[in-house]
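# Summary of structural features
These are the residues of each chain, in order.
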Amino acid sequence: MTATAGAPATARPADTPPPLPLLPRRRGVELALLVGAVLISVCGYAVVGLATHHALPGGAVRYGAGLGGLALLAHLAVRLRAPYADPLLLPTAVLLNGLGLVLIFRLDLETPGDHAAPTQLMWSTVGVMLFIAVVLLLGDHRVLQRYAYVCAALALLLMAAPILFPAVNGAKIWVRAAGFSIQPGEFAKVLITVFFAAYLAANHTALAHVGRRVVGLQLPAGRVLGPIVAIWLISVAVLVLERDLGTSLLFFGVFVVLLYVATGRTGWIAVGLLLAVVGAAAVGTLEPHVHGRVEDWQHPFAGIAEGRGPGQLAQSLFAFAAGGMLGTGLGQGHSALIGFAMKSDFILATFGEELGLAGLTALFLLYALLVARGYRAALGLDDPFGSLLGVGLAVLPALQVFVIAGGVMGLIPLTGMAMPFLAQGGSSVVTNWIIIALLVRLSDRARSPRPATPAPAHRRRPAPPPTAPAQGAGR
Amino acid sequence: MIRCIRHTAAFSFLLLVALLVNAARVQVVEAERYGANPADRRVAIARYAKPRGAVLVDGRPVTGSRDSGGRLRYERTYTDGPLYAPVTGFSSQTYGTSLLERAEDGILSGADDRLTAFPWWDRLTRTHRRGGDVHTTINARMQRAAFAGLGGKKGAVAAVEPRTGRILALVSSPSYEPGVLSGNGAAVDEAWRGLNGAARRPMLNRALQETYPPGSTFKVVTAAAALESGRITDIDAPTDAPDPYTLPGTATRLGNAAKDCEDAPLRYAFRASCNTVFARLGTELGLRTMAATARRFGFDDDRLRIPSPVAPSTFDTRMDRAQLALSAIGQYDTAATPLQMAMVAAVVANGGQLAPPYLVDKVTDAGGVMVAAGPHRPARQVVGPATAQQLQELMTDVVEHGSGRRAALKGVTVGGKTGTAQHGVRNEGMPYAWFISWAREKDGYEPAVAVAVVVEDAAADRADISGGGDAAPIARAVMAAALRRGPGR
């Protein structure tokens, strides 16, 4: 993963040379990594077939060609419209998506009636197409800033939509139409992040102004903070109503982090953590569904002692334990014992059982790489909106991976959420591809030669330091 | 803003560290504890993922495996299930294993580390070894002869090779089909309940795990004690025994079914099975001598494994003289498994030496390479060769002139002892018919076989019950099979 620092063989003679001294674009590195990612996925697909049926799976060539074709198209789009983009983002996403397809294909073997892998491949295609569309059509991320309120409105609309549809497995997070079912909350999380970033970027100087002082904390003027808090509260309330606690947790986290980054006040972190603890404790005791999850987390094997047999969390822990250091090998585990949700919420258990701690560590590092490249883009940008959006888009997968992985591994109470790119779920895959597209767009701007782009008036101003001095003065 | 972004990134890094530490906790530190949880079906899935090794009789498998296609994939099948059930036991996915299936489970399931040269490598590569095969000492012809001889009547047969201790036949009747318990599901549960609730208790292994009062067959042990202790030196000298014999310290008078038992010499008393002579001998020899002799024959040994555990046969070590008198004729609390009584006959046939009985000849891996030989524990001297010689005379006399005539085989030296054991409250139960015997070729040197037969519900008419009438012909058939003689007289 030293591609950014090391590999020199990137300047491509075929490219039109930029007007300024050659900056490493590293599109060749990206292509090489993409080939590697596709090869790893195809090998995984073949290994599953060899381990379970002692023969190569019939669709191996089609699968490889499909994934490879998608990767190539995405690469061409990046090469065309975002030549300076971070070369690690796209290959990491392709590898994660490919591994997810392998795992879902592998679990399909355990459920003869239900084949989720082709559907997932279809949704992945849609996701990559949207990725290409975003990369091609969105020339400058700052355009999004103009549509901040549109985004907010759209997000609220999307989140409210499932209320009209029946609940599935206890959560009202689905919209069903014409044989398809989508989770609008997944798309809403990107929209709401765009809104948060745009609003906080536009107001971050105003936010530094001291408003009222409540219990030792300097609150910004209500006039500034009001709208964003209102929208945030509405969205969290809607999600709690729909029992989509994972997504509401995500919104909460993104909001607190962006507020902290925008204002530079550590106090927001303290308030956020306090609110999170109080909220979690309240929901954990009052809501029976969540209360059960907390009980499960504290005593994962209680069901066995009571003669009800192992619950899903216990089965998940058994699966991870059976994997050990090196795993049983793809296709040779028994994580199918988890049953319900084994392809979605609990897909990590299959990963842990069949690829072991070694594979799981590699997987977590892949996610960490993605998140780190998001922060890197945020640091490289000099417009506040871009930085905030970069941070938001990095925090989203970071929190999501932590919440679901920590949930299925007994670190924290289980919250139903999709492992980004890995888990079965069309809305999730599509959303994650849009996130990658936005990160590619941000990183392209961050790494491109500065004078080549015209700067908005406020762009050159260094991140205004209202934080330390203002706080210091206030006290 | 940059400082804050770095802080946020650091926070994300902490989340990653927490995930990795927790993953190591679950997958390495706690893995063994989680994996040992009985609710984790992986152990069972791995166990039944491959065909189980076979149990062989005369080199031919009497067990097999069936691919059920389920998650617990291979189920046990049995050929001649009822015939060999007292040897193999059952192997059930629901109810576990019994007898050889249990005792040799490690070999049969492939878990035994002896099946591989590099166990640690197998563990590292998660290789599931194929199960090994267990070759039994059972002789199929003798097993069938014994099974046919019992003909569904309640009872048991145990036969051993006196010189080696190899168990040649082990039959319990009525028997059951162990294959009906192999899988899992409602049918298996129903079969299990049916077999356990059956009045005739088909799953009871009467040859190994049920003890009966040995009755007059125990007189072999009493005679051995009398000869070994020097209490009797001449088996043709009169014994100074009254008829009837009043049990010491009581007014109970013990009588005989036979005539001429008063002062009868040991040879006649043994042939006619005089209770009075042996009861008096027992009290004269004393509890210590009697108990020690019985123990040397194998009574009161709760550690006998063949390798399935065998119920201990008992001879009380605390009783009064009247109880001792009854114990000396195989009544009161004296109780023996058929295998134990076969061992008694084997000691006599084998010059006074007891070769501990065993059922497993050798164990091979799936490729037929020997993994372990049978136990071959050293034989121990139970009675001196001279005593054994005299006991052989007494026993051949029973077959030639006494109650065991129906066990005689042409061209074969056969020694035997009949027994009819009273049991139940005030001896009201249907008596058990016993016969223990051994045989060797007339011109041979080594004894071929020692057999013990017990028949519980021998005949409807109580007066007719006798070891000689009901049990001896079965023993004869088994001995004939051992000596490759036809069933004719």
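Attention here is on the structure that accompanies the text. It should be emphasised that the depicted structure is a prediction, and the values quoted were computed from it without experimental measurement.

Here is what the cut-offs are and how they apply
- Residues numbered from 1 in each chain as written.
- Chains lettered and ligands numbered in written order.
- Predicted model: local features only at pLDDT ≥ 70, side-chain atom pairs only at ≥ 80, totals over all residues.
- Heavy atoms only, no water.
- Pairing = 2+ DSSP bridges.
- Helix = DSSP H or I, 4+ residues; strand = E, 2+ residues; numbered from the N terminus.
- Axes fitted to C-alpha atoms, helices over the stretch in contact; angles between N-to-C directions.
- Contact = heavy atoms within 4.5 Å.
- Patch = residues over 30% accessible without salt bridge, like charges linked within 9 Å, V, L, I, M, F, W, Y side chains within 5 Å.
- Areas by Shrake-Rupley, 256 points an atom, 1.4 Å probe, with all protein chains shown as cover.
- Salt bridge = Lys/Arg side-chain N within 4 Å of Asp/Glu carboxyl O.
- Lys, Arg positive; Asp, Glu negative; His and termini not counted.
- Charge placed at Lys NZ, Arg CZ, Asp CG, Glu CD.
- Buried area = accessible area lost by both parts, 1.4 Å probe.
- Polar contact = N/O pair within 3.5 Å; in protein donor to acceptor, adjacent residues only side chain to side chain.
- Nonpolar A, V, L, I, M, F, W, Y, C, P; charged D, E, K, R; others polar.
- 1 Å grid on protein atoms, 1.4 Å probe; cavity = no way out; pocket = protein on both sides within 12 Å on 5 of 7 lines; lining within 4 Å.
- Points joined across faces, edges and corners; volume = space filled by probe spheres on them.
- Expected span 1.5 Å × (residues − 1).
- Buried < 20%, exposed > 50% of the residue type's maximum accessible area, 1.4 Å probe, protein only.
- Core = buried A, V, L, I, M, F, W, Y, C linked by side-chain atoms within 4.5 Å.
- Parallel < 35°, antiparallel > 145°, perpendicular 65-115°, else oblique.

## Concerning the sheet that holds strand S16 (residues 412–421) of chain B
Residue and element names in this part refer to chain B. As summarised here, the arrangement of the 5 strands in space is S9-S8-S18-S17-S16, forming an open sheet in which the pairing is antiparallel. One side of each edge strand has no neighbouring strand; the edge strands of this open sheet are strand S9 (167–173) and S16. Mean inter-strand twist for the sheet, computed between neighbouring axes without regard to direction, equals 10°. Relative to strand S18 (residues 449–455), strand S17 (residues 432–441) runs antiparallel, the two being bridged by 7 bridges. Bridging across to S18, serine 437 finds its partner in valine 451. Packing against the sheet, helix H15 (residues 385–401) makes contact with S16 and S17, and its axis sits at approximately 80° to S16.

## Digging into a positive patch on the surface
Taken together, Arg60, Arg141, Arg144 and Arg484 of chain B make up a surface patch of like positive charges. Counting through the fold element by element, arginine 141 of chain B comes out in helix H8 (residues 140–150).

## Observations regarding the interface of chain A and chain B
Listed as interface residues are 54 residues of chain A and, on the opposing side, 32 residues of chain B. The contact between chain A and chain B buries some 3600 Å² in all, and 72% of this surface belongs to carbon and sulfur atoms. On the chain A side of the contact with chain B, Phe318, Leu337 and Leu379 of chain A bury the most area, a combined 16% of that side's loss. A salt bridge links glutamate 110 of chain A to arginine 71 of chain B; its shortest N-O distance comes to 3.9 Å. Applying the counting criterion to the chain A and chain B interface returns 9 residue pairs in polar contact (both at pLDDT 80 or more). Elements that contribute at least two residues to the side of chain A that touches chain B include exactly helix H9 (245–263), helix H13 (312–323), helix H14 (347–380) and helix H15 (384–408) of chain A. Broken down by element, the side of chain A that touches chain B gets its largest block of residues, 13 residues, from H14 of chain A. Looking at the side of chain A that touches chain B residue by residue, the classes come out as 37 nonpolar, 15 polar and 2 charged.

## Section: the pairing of strand S3 (residues 63–67) of chain B
Residues and elements named next belong to chain B. Sheet analysis places S3 next to strand S4 (residues 74–78), joined by 5 bridges and oriented antiparallel. Bridging across to S4, arginine 66 finds its partner in glutamate 75. Counting the residues in the hairpin turn of S3 and S4 gives 6 residues, including glycine 69, whose phi is positive at 75°.

## So, empty space enclosed by the protein
All names here are of chain B. This structure, assessed with the given rule, holds 9 cavities of 30 Å³ or more. Here the largest cavity is characterised by a volume of approximately 90 Å³. As for the largest cavity, its lining consists of 13 residues, and the residues nearest its centre are Tyr48, Arg52, Tyr74, Arg76 and Ser91. At 3 residues, the largest contribution of residues to the lining of the largest cavity is made by S4. Here the lining of the largest cavity is built from residues that sort into 3 nonpolar, 5 polar and 5 charged.

## A look at helix H14 (residues 338–349) of chain B
All names here are of chain B. With 12 residues, H14 ought to run about 16 Å at 1.5 Å a step, and its terminal C-alpha atoms sit 17 Å apart, in line with that. The buried fraction of H14 is high, at 12 of 12 residues. Along H14, the residues classified as buried are Pro338, Leu339, Gln340, Met341, Ala342, Met343, Val344, Ala345, Ala346, Val347, Val348 and Ala349. With its phi angle positive at about 65°, glycine 351 sits one or two positions after the end of H14.

## Considering the sheet that holds strand S14 (residues 370–373) of chain B
Residues and elements named next belong to chain B. Strand order across the open sheet formed by 5 strands is S2-S1-S7-S13-S14, with mixed pairing between neighbours. The open sheet terminates on both sides in strands that have one partner only, identified here as strand S2 (60–61) and S14. In the sheet, strand S7 (residues 133–136) pairs with strand S13 (residues 360–364) via 4 bridges, with the strands oriented antiparallel. Looking at the pairing, aspartate 133 lines up with threonine 364 of S13.

## Some points on the nonpolar core
Grouped together as the largest cluster of nonpolar side chains are 153 residues, with contacts concentrated most on Phe131, Leu348, Phe364, Met419, Leu422 and Trp433 of chain A. Setting aside residues no more than four positions away along its own chain, methionine 419 of chain A makes contact with Ile347, Leu348, Phe364, Tyr367, Val401, Ile404 and Ala405 of chain A. Grouped together as the second largest cluster of nonpolar side chains are 93 residues, Val62, Leu115, Cys274 and Ala279 of chain B included.

## Points about the packing of helix H12 (residues 275–297) of chain B against helix H13 (residues 321–328) of chain B
Residue and element names in this part refer to chain B. For the pair H12 and H13, the least separation of the axes is 8 Å and the interaxial angle reads 110°. As judged from the angle between their axes, H12 and H13 are roughly perpendicular. From H12, Phe278, Ala279, Gly282, Thr283, Gly286, Leu287 and Met290 reach across to H13, where they touch Arg321, Leu324, Ala325 and Ala328. Partitioned by chemical class, the residues of the contact of H12 with H13 number 7 nonpolar, 3 polar and 1 charged.

## Topic: the environment of leucine 370 of chain A
All names here are of chain A. Examined against the element boundaries, leucine 370 turns out to sit in helix H14. For leucine 370, a relative accessible area of 7% translates into the label buried. In this view, leucine 370 contacts Leu89, Thr92, Leu96, Phe421 and Ile436; residues no more than four positions away in its chain are not counted.

## Here we look at the pairing of strand S8 (residues 155–160) of chain B
All names here are of chain B. In terms of residue burial, S8 counts as a mostly covered element, since 6 of its 6 residues are buried. The alternating pattern of S8 places Gly155, Val157 and Ala159 on one face and Ala156, Ala158 and Val160 on the opposite face, and all of these are buried. Pairing geometry for S8 and S9, over 6 bridges, is antiparallel. From the neighbouring strand, alanine 158 faces S9, where its bridge partner is leucine 170. The antiparallel pairing of S8 with S9 creates a hairpin that spans 6 residues between the two strands, and glycine 165 there sits at a positive phi of about 90°. Alignment of S8 against S18, held across 6 bridges, turns out to be antiparallel. Among the inter-strand pairings, alanine 156 is bridged to a residue of S18, identified as valine 454.

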